[in-house]
Amino acid sequence: MDRRKPFSRVLIANRGEIAIRILRACRELGLETVAVVSEADKQSLAALMADRAVCIGPPPPIKSYLQIDTIIAAALGTGAQAIHPGYGFLAEQPELAEACERYDLVFIGPRPEQIRRMGDKIWARKMARDIGVPVIPGSEQIHGAEEAVKAAERLGYPLLIKAAGGGGGRGIKVAENASELKVFLAEAGAEAHAAFGDDRLYMEKFIGNARHIEVQIMGDQRGNLVHLFERDCSLQRRHQKMVEESPCPVLTPHLRQEICDAALAIARSIKYLSAGTIEFIWDQDRENFYFLEMNTRIQVEHPVTEFTTGLDLVREQIRIARGEDLSFRQDEIRAEGHAIECRINAESPAQGFFPCPGQIREWKAPDDPNLRVDTHCFSGYSIPPYYDSLLAKIISRGRNRLEAIETMEQGLAHFHVTGVDTTIPFYQGLLKNAAYRSGAVHTRWIEDFMISSKGD
Amino acid sequence: MNRITAKEVLEILNKVKQSRIEEITLEMGRFTFQARKSTPPKESPPAEIYPDPIAGPPTARLILAPRLGFFRQAVHPGDLPLVKLNQCVEEDTPVGFIQVLEKMDPVPAGIQGRIVRICVADGKMVEYREPLFLVEESREKR
C-alpha cells in the first residue's frame, strides 16, 4: 500500500536519544512533533522539546512504549498523521506497522510484511541462500535433538542454537558438544517461545575469528534502492555493540563491493522500503563473508554512516514515508574519511558493566566540528531505571582512521559527567590499546580485552 | 546518592498515621516506598448541621484516567451520561469509559462520595492519570 500523502505532524513512539534524533529531523523538515512518554519520562528532554507530549502509561515499557493500541490512540487524539518507531520497542513489531495502515497513519519505516519476513530469521537465511548470497553454514528449522546432533556432525562444534524469532543477539546459545547441544536445545525452545512467541530454532556454525560487517541500505516507494556502504561493528560485549566504525579497516575495495552488492540483492528481492541494515559475518580465517540477518529499522549506529556520507538518514526516512523519491542516486553517494562511534552507558565498567542509573549532576559534552554527540541527557537529569542505560553516542570523524581515533580521544577527555558512573573510562582505555589501533580485532575481542584489562 | 534508613521510614510511617494522608509513595533513586491507610469503620455520625470540628473539612479526591484514550461519558454518543454533577457514587460505580480504538474500558469511581466537578469533556482525549472527576469523599463507609 503506497502512502503518497504528505503529513505535517509526527508521533515519536520512542524515548531517549533516538527520540531527540527523530525530533530534530522533524523540526528541520518543518514538521510538528508529538512525544509519547511514560510517567518516568514526563520531564525528559523529548517531552520538553516536542510540540506536545502525552503520557501513555506507567514506567514499565510493557505498559507504555510497547502498547500499540495506546500509541495509535495517542496519534489519533493528537492529530499526528505519521509515527516513527525509532529502534527497539515496536520498531520491528509488524503489528504496529499494520495498525498504522488500518488507522490510516503513515508508518515511517518498511512495510509490515517486510518487517515480518526479515524478523523470521529462518526465512531470511533461506531467502538469501536462494538468491545466491552466502549464509553461515547451518541448518533450517531443527525439529528435535536427533536432527540437531546429525546436523552438528556435518557442521562441527562449537555451534550456535538460535531462535527464529530472535535477532540482535537475543535467543542464542552456544553448544560446545553433543551433550550441551541436547540440553540447550531443550531449554532454547521454551525460552524462545516465552521471549518471541515463536519456539522455532535453527543452528549455525560458530565462527571464531569473525568480524561483524553491516551494510546500510535505503529504498523509496518507487523501488529505488541504494547502499550507503558498510559499518564494522565487531566490538561487542554479549552481542551488544560497543564501538562501530566505517569503513571496515580490513576490507579490500573488491570485497566491499561484493558485500554491498550482496546487501542490495537481498533488499531488492523483497523490494525493501525505507532504512534497513543487512548484517554479515566476515570469517577472517577463511576470508569468506556470510549473510547473518537483516534489521528493518534505523539503527543506533546510523550516525557513523551519516558522518562518512554526509547524508541524513532519518530525514530521508521521513521524506520516503511522504512518498518522495530518494534524494540521492547510488553514483552520488560517496563515503569519505573515517568515522567511529562509542556508546556511552550509565554502567560501571568496574562492576561488570552493572547499570547504575541515578541523577546526573553535571553533563558537559565535548564540542568539536569533527565530533557529534547524540543524547537526551543534561545536567540535573534523573536517569529512570526502567530502560536501557544508553546515555549518549559520541561519534568522531577524521580524514583517516588514526585521526578519527585521536579526535575521539580528545572528545572523551572533554566529556564530563558527574553523579553517575559511565563507560567513558572504559573507552579511553580501549582506544589506547595497540590491537584496537591496528584494527586487528574480532567479535570476541572485547571480552578478551576486558579480562586482560582487569589487571590494570 | 539518595539513601534512607529504616528509622527514617518508620518516622515517615508514624507521621502518615497521625496525619490525614491516605496514601504515600516515596521514590528515591531505585528505592520505592508505598503505604496506604485502611480506614477503620466509623459509626455513622449524626445528621450534619454544623461541620464536624474534629474530622475537619471533607477530603476531595480525583478520579484519574486509568489509561490514555478518549473519555466517553456514556456508551453511545447522545446517551445520558453515566454520572452527573453532585451525584453520589460508590467505589464500583462506573463513571465513564475510556475508548481506545474499538475497545471501551469502563472507569469505576474507586471512591465513595459525591461528584463535585467534571474535569473532562465527552470525547476528549485524556492521558494516563489525567483527572476525570473531582469527588468529595464521604466520611461514612457503608
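Residues numbered from 1 in each chain as written. Chains lettered and ligands numbered in written order. Predicted model: local features only at pLDDT ≥ 70, side-chain atom pairs only at ≥ 80, totals over all residues. Heavy atoms only, no water.

Section: the interface of chain B and chain A
Inference 1: In this assembly, eleven residues from chain B lie in contact with 22 residues from chain A.
Inference 2: In this assembly, chain B and chain A are joined by one salt bridge.
Inference 3: With a closest N to O distance of 3.3 Å, R129(B) and E39(A) form a salt bridge.
Inference 4: The tally of links between chain B and chain A comes to five residue pairs in polar contact (both at pLDDT 80 or more). (Contact = heavy atoms within 4.5 Å. Salt bridge = Lys/Arg side-chain N within 4 Å of Asp/Glu carboxyl O. Polar contact = N/O pair within 3.5 Å; in protein donor to acceptor, adjacent residues only side chain to side chain.)

Concerning the pairing of strand β8 (residues 113–118) of chain B
All names here are of chain B.
Inference 1: Note that strand β5 (residues 88–89) and β8 share two bridges and pair antiparallel. Its bridge partner being in β8, C88 is matched across the sheet by R114.
Inference 2: The pairing of β8 with strand β10 (residues 131–137) spans five bridges and is antiparallel. For R114, the partnering residue across the bridge sits in β10 and is E136. (Pairing = 2+ DSSP bridges. Helix = DSSP H or I, 4+ residues; strand = E, 2+ residues; numbered from the N terminus.)

Points about the sheet that holds strand β3 (residues 52–57) of chain A
Think of a sheet as strands paired side by side through backbone hydrogen bonds, with each pair either parallel or antiparallel.
Residue and element names in this part refer to chain A.
Inference 1: Read from one edge of the open sheet, five strands run β3-β2-β1-β4-β5, paired in parallel fashion. Unpaired on one side and paired on the other, β3 and β5 (106–107) mark the two borders of the sheet.
Inference 2: Bridge count between strand β1 (residues 9–12) and strand β2 (residues 32–38): four bridges; the pairing is parallel. Opposite V10, over in β2, you have T33 as the bridge partner.
Inference 3: Along the sheet, helix α3 (residues 68–78) contacts β1, β2, β3 and β4 (82–84); its crossing angle with β3, the most-contacted strand, is approximately 150°. (Axes fitted to C-alpha atoms, helices over the stretch in contact; angles between N-to-C directions.)

So, the domain arrangement of chain B
Interface extent is often summarised as the accessible area lost during association of the parts.
Inference 1: Taken domain by domain, chain B consists of domain 1 (6–36) and domain 2 (56–137).
Inference 2: On a C-alpha basis, the centroid separation for the pair domain 1 of chain B and domain 2 of chain B is 28 Å. (Domains from an automatic or database assignment.)

Details of unusual backbone geometry
Residue and element names in this part refer to chain A.
Inference 1: The step from Y157 to P158 runs through a cis peptide bond, and the omega angle for that step is -5°.
Inference 2: Assignment of secondary structure puts P158 in the loop between α7 (145–155) and β6 (159–167).
Inference 3: Here the residue pair S246 and P247 is connected by a cis peptide bond, since its omega of -5° sits within 30 degrees of zero.
Inference 4: A positive phi angle, near 55°, is found at E287, a position not held by glycine.
Inference 5: Along the chain, the position of E287 falls in the loop between β12 (274–283) and β13 (288–295).

Examining the sheet that holds strand β7 (residues 170–175) of chain A
All names here are of chain A.
Inference 1: Read across the sheet, three strands follow the order β7-β6-β8 without closing on themselves; strand pairing throughout is antiparallel. Whereas interior strands pair on both sides, the edge strands pair on one side only; in this sheet they are β7 and β8 (201–205). Taken pair by pair, the neighbouring strands of this sheet meet at an average axis angle of 30°, ignoring direction.
Inference 2: As paired elements, β6 and β7 share five bridges and run antiparallel to each other. Looking across to β7, one finds that L159 is bridged to A175.
Inference 3: Across the sheet, α7 is in contact with β6 and β8; its angle to β8 comes to roughly 15°.

Thoughts on the nonpolar core
Inference 1: In terms of nonpolar packing, the biggest core is built from 66 residues, with F7(A), I217(A), I266(A), I278(A), F280(A), F291(A) and M294(A) touching the most fellow members.
Inference 2: Setting aside residues up to four positions removed in sequence, F291(A) forms contacts with A124(A), R125(A), A128(A), V133(A), P134(A), V135(A), I136(A), I266(A), I278(A), E279(A) and F280(A).
Inference 3: Judged by nonpolar contacts, the second largest core, of 48 residues, contains V34(A), I71(A), Y103(A) and A65(B). (Core = buried A, V, L, I, M, F, W, Y, C linked by side-chain atoms within 4.5 Å. Buried < 20%, exposed > 50% of the residue type's maximum accessible area, 1.4 Å probe, protein only.)

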